[in-house]
Amino acid sequence: ISERDLSTTLLGQELTAPVGLAPVGGQAAYHEEGELAPARAAADLGVPFTLATGATRSIEDVATAMDVIDPDSTRFFQLYWPNDWDVAASVVELAESTGYDAVVVTLDSQINKWRRRNLRNGYTLG
């Protein structure tokens, strides 16, 4: 093989490789830019970025950061389904209006795990 091509199509979006960045909440606990830096990196690399429900940056701010790099970047929003259907609809509508391509629904628990080591180390994000 003289040329490698890892590109693929997902949900009608052309991607440079069959990988994407998974949702990770609370990223500002690790870096002041939170989710903005990995979102920009994903846009630059041509792979999807999935914004977590528990993100430390807003849906709009992440969309704007990605648009600066590539207005056609692929972005998904992870939705932990809330108890209130109106809240769920509102969040999905916001994601859609700011250019997110899909919603990734997570059905496990979003309840904070109060682990002793996390409390001892001062880490209390969900």
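Provided above is the structure to which this section pertains.
Residues numbered from 1 in each chain as written. Predicted model: local features only at pLDDT ≥ 70, side-chain atom pairs only at ≥ 80, totals over all residues. Heavy atoms only, no water.

Peer 1: Whenever I open this one, the sheet that holds strand β3 (residues 49-51) confuses me. Can you help?
Peer 2: By definition, the strands of a sheet pair up through backbone hydrogen bonds, in either a parallel or an antiparallel sense. Strand order across the open sheet formed by three strands is β3-β4-β5, with parallel pairing between neighbours. If you trace the sheet from one side to the other, it starts and ends with β3 and β5 (102-106), each paired once. For this sheet, the mean inter-axis angle between neighbouring strands, taken without regard to orientation, is 30°. Sheet topology note: the β3/strand β4 (residues 75-80) ladder contains three bridges and is parallel. Pairing of F49 across the sheet is with R75, part of β4. Packed onto the sheet, helix α3 (residues 85-97) meets β4 and β5 and runs at close to 170° relative to β4. (Pairing = 2+ DSSP bridges. Helix = DSSP H or I, 4+ residues; strand = E, 2+ residues; numbered from the N terminus. Axes fitted to C-alpha atoms, helices over the stretch in contact; angles between N-to-C directions. Contact = heavy atoms within 4.5 Å.)

Peer 1: Any chance you could explain unusual backbone geometry here in plain terms?
Peer 2: Outside of glycine, negative phi angles account for most residues, and trans bonds account for most peptide bonds. Residue L11 is not a glycine yet carries a positive backbone phi of 50°. Take L11: its relative accessible area is 61%, and that puts it in the exposed class. (Buried < 20%, exposed > 50% of the residue type's maximum accessible area, 1.4 Å probe, protein only.)

Peer 1: How should I be thinking about the pattern of salt bridges in this particular structure?
Peer 2: Side chains that carry opposite charge are capable of pairing whenever their charged atoms lie near each other. Under the criterion given, the structure shown has two salt bridges. Across the pair R40 and E33 runs a salt bridge whose closest N-O atoms are separated by 2.2 Å. The shortest N-O distance in the salt bridge between D67 and R75 comes to 2.5 Å. (Salt bridge = Lys/Arg side-chain N within 4 Å of Asp/Glu carboxyl O.)

Peer 1: In this structure, what is going on with a nonpolar patch on the surface? I would like to understand it.
Peer 2: Together, W81, W85, V103, V105 and L107 line one region of the surface with nonpolar side chains, adding up to about 570 Å² of accessible area. Classification of V105 as partly exposed rests on a relative accessible area of 43%. (Patch = residues over 30% accessible without salt bridge, like charges linked within 9 Å, V, L, I, M, F, W, Y side chains within 5 Å. Areas by Shrake-Rupley, 256 points an atom, 1.4 Å probe, with all protein chains shown as cover.)

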